[in-house]
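# Examining the three-dimensional arrangement
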Amino acid sequence: MPELEARHATVYYGTNRVLEDVSLTVAEHTVTAFIGPSGCGKSTFLRLFNRMNDFLPDFRLEGEIRLHDQNIYAPHTDVEELRKQVGMVFQQPNPFPKSVYDNVTYGLVLQGQRAKAVLDAAVEKALRQAALWDEVKDHLRKSALALSGGQQQRLCIARALAISPHTLLMDEPASALDPIATAKIEELVQELKQDYTILIVTHNMQQARRVSDKTAFFNFGRLIEYGDTPALFEQPQQEQTQHYLRGHFG
Ligand SMILES: Nc1ncnc2c1ncn2[C@@H]1O[C@H](COP(=O)(O)OP(=O)(O)OP(=O)(O)O)[C@@H](O)[C@H]1O
């Protein structure tokens, strides 16, 4: 059974159709990159998997998005529970104006966890997973806003991991970062896939190539090509993919 699946997903914002009949499956513990020109619907597609588009006015989905073979848009779906299972990291690091510690424990505290030993252990585990522990372990009470941009983004990843999701959605997680911080995020993505299933939107073709197992190329709201990353980059089957990769548009 695939971990995630889109079945004939078509999305409208009002009367504007931004995704058309997109179907794909994602296996667990893989990294899948979504690439394509600006405005082709990558972020919209990504946000379908934790229902983040529900916040947008006039959003409408036809088709199904399935997690572990359950349609997550079925009536009575517990959306809060879904978002615990499917975490998200955004383009701009967005730590809360709180301490490093309080950022990581935020979700757990919201869930009612108060035991200091449990919270302490969760903080260390999540920060280690996000490859940030060594840099912040002596400053856990410091404001998260005092960290560098790259550290803030890894903190946001730790915050997402602390509530034990099994899927992580990353929307251009490194595009606001310098090359060194970007390399750290890429390394981290590779490590995290041992435990998580990762979907990542990126404008950076080299990054997609480096970090992902599968790549999906979108154009004008359609999924043009989807396959193993080396094959898609080295021998794209569709003319539109070939043009895009040659830099003809995008
Ligand atoms: N909140 C919204 N309301 C209406 N239309 C929207 C909204 N968000 C995005 N769109 C439109 O939907 C289309 C797809 O946008 P989306 O952000 O998903 O594309 P993208 O491929 O991720 O783009 P980019 O690479 O520039 O981030 C675009 O035409 C965009 O203008």
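Parameters and conventions
Residue positions are given per chain, counted from 1 along the sequence in the order it is written. Given that the model is predicted, a residue must reach a pLDDT of at least 70 before its local features are reported, and side-chain atom pairs must reach 80 or more before they are shown or counted; all residues, however, enter totals for whole chains, interfaces and linings. Only hydrogens and water are set aside when side-chain values are computed; all heavy atoms of the structure are taken into account. Only buried residues count toward a nonpolar core. Its members are Ala, Val, Leu, Ile, Met, Phe, Trp, Tyr and Cys residues joined through side-chain atoms within 4.5 Å. Note on classification: 1.4 Å probe, protein chains only; a residue is buried when its accessible area is under 20% of the maximum for its type, exposed when over 50%, partly exposed between these limits. Helix and strand labels come from DSSP, where a helix needs a run of H or I of at least four residues and a strand needs a run of E of at least two; each type is numbered from the N terminus. Contacts are residue-level and defined by heavy atoms, with any inter-residue pair within 4.5 Å sufficient. A score between 0 and 100, pLDDT records how confident the predictor is in each residue. Aromatic rings from Phe, Tyr and Trp, with only the six-membered ring used for Trp, were paired whenever their centres fell within 6.5 Å, and each pair was classed as stacked if the ring planes differed by under 30 degrees, edge-to-face if by over 60, and tilted otherwise. Only lysine NZ and arginine CZ atoms are considered, and such an atom sits over a ring when it is within 6 Å of the ring centre and within 35 degrees of the ring normal. For this purpose, a residue is taken to be near a molecule or strand whenever a single non-hydrogen atom of the residue falls within 4 Å of it. Under this definition, polar contacts are N or O atom pairs within 3.5 Å; protein pairs additionally need one hydrogen-donor-capable and one acceptor-capable atom, and for neighbouring residues in sequence, both atoms have to be side-chain atoms. Under the grouping applied here, Gly and all other residues not named as nonpolar or charged are polar, the nonpolar ones being Ala, Val, Leu, Ile, Met, Phe, Trp, Tyr, Cys and Pro and the charged ones Asp, Glu, Lys and Arg. Only when DSSP finds a minimum of two bridges between them are two strands counted as paired. Axis definition: a line fitted to C-alpha atoms, limited for helices to the stretch in contact. Angles are taken between N-to-C directions and run from 0 to 180 degrees. Residues are called lining when one of their atoms sits within 4 Å of a cavity or pocket point, these points coming from a 1 Å grid over the protein atoms alone, where a cavity is a set in which a 1.4 Å probe fits but cannot get out and a pocket is an open set with protein on both sides within 12 Å along at least five of seven lines. Grid points are joined across faces, edges and corners, and a volume is the space filled by probe spheres set on the points. Each helix should span, by expectation, one fewer than its residue count multiplied by 1.5 Å. What the arc describes is the spread of directions from the helix axis to the C-beta atoms.

Going by what an unreviewed UniProt entry lists, the protein chain is known as Phosphate ABC transporter ATP-binding protein PstB and is assigned to Hymenobacter canadensis.

## So, the nonpolar core
Membership of the largest hydrophobic core comes to 46 residues, with the highest contact counts inside it found for Leu127, Ile157 and Leu168. At six residues, helix 6 (residues 149–162) tops the list of elements feeding residues into this core. Apart from residues lying up to four places away in sequence, Leu168 is in contact with Gly87, Met88, Val89, Ile157, Ala160, Leu161, Leu192, Thr197, Ile198 and Leu199. Within the second largest apolar cluster, 30 residues are counted, among which are Ile65, Leu82, Ala216 and Phe218.

## A short note on the confidence of the model for the protein chain
Mean pLDDT over the protein chain: 95, with 99% of residues reaching 70 or higher. Across the predicted assembly, pTM comes out at 0.94 and ipTM at 0.96.

## Some thoughts on the packing of aromatic side chains
Counted by the stated rule, this structure contains seven aromatic pairs. Judged by centre distance (6.5 Å) and plane angle (50°), the rings of Tyr13 and Phe59 are tilted. Residue Tyr13 is found in strand 1 (residues 4–13), and its partner Phe59 is found in strand 4 (residues 59–67); the two are separated by 46 residues along the sequence. Consider the rings of Phe45 and Phe49, whose centres lie 5.3 Å apart with planes at 90°: the pair is edge-to-face. Grouping residues by exposure puts Phe45 and Phe49 together as buried. Members of the aromatic cluster, joined through ring pairs, are Phe34, Phe45, Phe49 and Phe218. Positioned above the aromatic ring of Tyr12, the side-chain terminus of Arg60 is 4.3 Å from the ring centre.

## Looking at the site of the ligand
What surrounds the ligand is a group of 13 residues, the closest being Ser38, Gly39, Lys42, Ser43 and Thr44. The separation between an oxygen atom of the ligand and a polar main-chain atom of Gly39 is 2.9 Å. Top contributing element to the shell around the ligand by residue count: helix 1 (residues 42–48), with three residues. Looking at the shell around the ligand, its residues break down into five nonpolar, six polar and two charged.

## Some words on unusual backbone geometry
Its identity as a non-glycine residue notwithstanding, Ala131 has a phi of 55°, on the positive side. By secondary structure assignment, the location of Ala131 is in the loop between helix 4 (116–129) and helix 5 (133–136). Look at Glu172: it is not a glycine, yet its phi comes out positive at around 45°. Following the sequence through the fold, Glu172 ends up in the loop between strand 7 (167–171) and helix 7 (179–192).

## Remarks on the sheet that holds strand 8 (residues 197–201)
Think of a sheet as strands paired side by side through backbone hydrogen bonds, with each pair either parallel or antiparallel. Taken together, six strands build an open sheet; the order of strands is 6-7-8-3-9-10 and the sheet is mixed. Taken across any chain shown, the strands that pair with only one partner, and hence form the sheet edges, are strand 6 (86–89) and strand 10 (222–228). If you compare each strand with its neighbour and ignore which way they point, the axes differ by 15° on average. Note: strand 3 (residues 31–35) against strand 8, four bridges, orientation parallel.

## Digging into the layout of surface pockets
One number sums up the size of the largest pocket: a volume of about 660 Å³. Of all the secondary-structure elements, those providing two or more residues to the lining of the largest pocket are helix 2 (79–85), strand 6, helix 3 (100–110) and helix 6. Of the residues assigned to the lining of the largest pocket, the class counts are eleven nonpolar, five polar and four charged.

## Overview of helix 7
An ideal rise of 1.5 Å per residue puts 20 Å on 14 residues; helix 7 measures up with 20 Å between its terminal C-alpha atoms. Of all the positions in helix 7, only Ala181, Thr182, Ile185, Glu186, Leu188, Val189 and Leu192 are classed as buried. Axial view of helix 7: buried residues confined to an arc of 160°, hence all on one face. Turned more than 90 degrees away from the buried face of helix 7 sit Pro179, Ile180 and Glu187, all of them exposed. Tucked into the core, helix 7 has its buried residues touching strand 3, helix 4, helix 6, strand 7, strand 8 and helix 8 (205–211).

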